[in-house]
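Chain by chain, the residues:
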Amino acid sequence: MNKLLPGILVAVAIGAVAGSIIIGAGIIDAGADTPHGPLIHQALAFARERSIARRIADLKEPEDFTEPERIRRGAGNYAAMCVNCHLAPEMEDSEIRQGMYPAPPNLAARPDLTQARNAVRDFWIIKHGIKSTGMPAWSKGGMEDAVIWDLAAFLQRLSHLSKDDYDLLVTASDGHSHGGLAGDEHGHDEQATDHGTPEPAPAVNSANDVQKEQNHDPDHDAHEHDDHEH
Ligand code: HEC
């Protein structure tokens, strides 16, 4: 073992120098239009899942997590804030999603997610975001935990919804209302100013309508949504 040690140290040193040269020379392509190699991709996914698993170990969903009201409220916020990146039933793709790397997963087509751990994981991701991916930390914009649990509850239903069910839920929701649970004030100025008609959220193919509305709304910057900066 002692005989091997110098060789191992030299190999590590050569690797570190080679890595620095590759990075320093700008050889790694930072563009979002070229994917990572499979090894880097797997390493990043592994690191992400380990990091999240560690951080959600003691997290539990609230006792009233399965209350249907959560799904209703979550639907409106999803249609207003997430659909552009994460799509909705029968929505094939969006302009922003096509250009993103990593591509935001189509949350309307995820495999069955009724496990509680999935909801806790979704909650954590929505609250904290994921570094260097474009997934925002919604808590930084002021979204409260209760509203994030609504979204997590809605996400458990989403992949079971038909387009009509989805549109109905969005229509029945409070629209873009993530400062306010039932009875609270709506928390966002832009709801009154930018979206024009605060509630209910658009009914007919709401996913696509909201997407168009947001894409053509350059002043909608109160949340610093990445997707509004054209
Ligand atoms: C600007 C685009 C963008 C917006 C807007 C966005 N996300 Fe994401 N989201 C992403 C990306 C990209 C990922 C994947 C990150 C990765 O691969 O590590 C992601 C991942 C997720 C995941 C993890 C999915 C999985 O199964 O691994 C959840 C849950 C999620 N987002 C929920 C939301 C919710 C809820 C909203 C709205 C409040 C939202 N996102 C808004 C880009 C976005």
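Conventions adopted
- One numbering rule holds for all chains: residues counted from 1, following each sequence as written.
- At least 70 in pLDDT is required for a residue's local features to be given in this predicted model, at least 80 for side-chain atom pairs to be given and counted, and no such filter applies to totals for whole chains, interfaces and linings, which use all residues.
- What counts as a helix is a DSSP run of H or I of at least four residues, what counts as a strand is a run of E of at least two, and both are numbered from the N terminus.
- Residue pairs are scored as contacts if the distance between their C-beta atoms, which are placed from the backbone, is within 7 Å.
- Put plainly, near means the residue's C-beta atom, positioned from the backbone, lies within 6 Å of the molecule or strand in question.
- Any residue that is not Ala, Val, Leu, Ile, Met, Phe, Trp, Tyr, Cys, Pro, Asp, Glu, Lys or Arg is counted as polar, Gly included; the first ten are nonpolar and the last four charged.
- Fitted lines through C-alpha atoms give the axes, limited to the stretch in contact for helices. The angle between two N-to-C directions lies from 0 to 180 degrees.
- Small angles under 35 degrees read as roughly parallel and large ones over 145 as roughly antiparallel, with 65 to 115 read as roughly perpendicular and the rest as oblique.
- We call a set of buried Ala, Val, Leu, Ile, Met, Phe, Trp, Tyr and Cys residues a nonpolar core when their C-beta atoms link them within 7 Å.
- Counting other C-beta atoms within 10 Å of a residue's C-beta gives its exposure: the residue is buried at 20 or more, exposed at 12 or fewer, and partly exposed in between, where C-beta atoms are placed from the backbone.

Draft legend 1. Layout of the overall build of the protein. A tally of regular secondary structure across the protein gives 10 helices and 0 strands. When the helices and strands of the protein are listed from N to C terminus, the series reads α-α-α-α-α-α-α-α-α-α. Of all intrachain contacts in the protein linking residues separated by at least 6 positions in sequence, the fraction that spans at least 24 positions is 71%.

Draft legend 2. Highlighting the site of the ligand. In the neighbourhood of the ligand, 24 residues make up the surrounding shell, with Cys82, Cys85, Pro104, Thr133 and Met135 lying closest. Elements that contribute at least two residues to the shell around the ligand include exactly α4 (83-86), α6 (116-128) and α7 (145-158). Here the shell around the ligand is composed, by residue class, of 15 nonpolar, 4 polar and 5 charged.

Draft legend 3. Spatial organisation of the packing of helix α3 (residues 68-81) against α7. Interaxial distance between α3 and α7 falls to 7 Å at its minimum, and their mutual angle equals 95 degrees. If you check the angle between α3 and α7, you find them roughly perpendicular. Along the contact surface, α3 presents Arg70, Ile71, Arg73, Gly74, Ala75, Asn77 and Tyr78, while α7 presents Val147, Trp149, Asp150, Leu151, Ala153, Phe154 and Arg157. When grouped by side-chain class, the residues that make up the contact of α3 with α7 number 8 nonpolar, 2 polar and 4 charged.

Draft legend 4. A look at the nonpolar core. Ranked by internal contacts, the top residues of the largest apolar core, which has 34 residues, are Tyr78, Ile148, Leu151, Ala152 and Phe154. For this core, the secondary structure elements donating two or more residues are α3, α4, α6, α7 and α8 (163-172). Sorting elements by how many residues they give to this core places α7 first, with 9 residues. Residues within four places of Phe154 in sequence aside, it is in contact with Ile71, Gly74, Ala75 and Tyr78.

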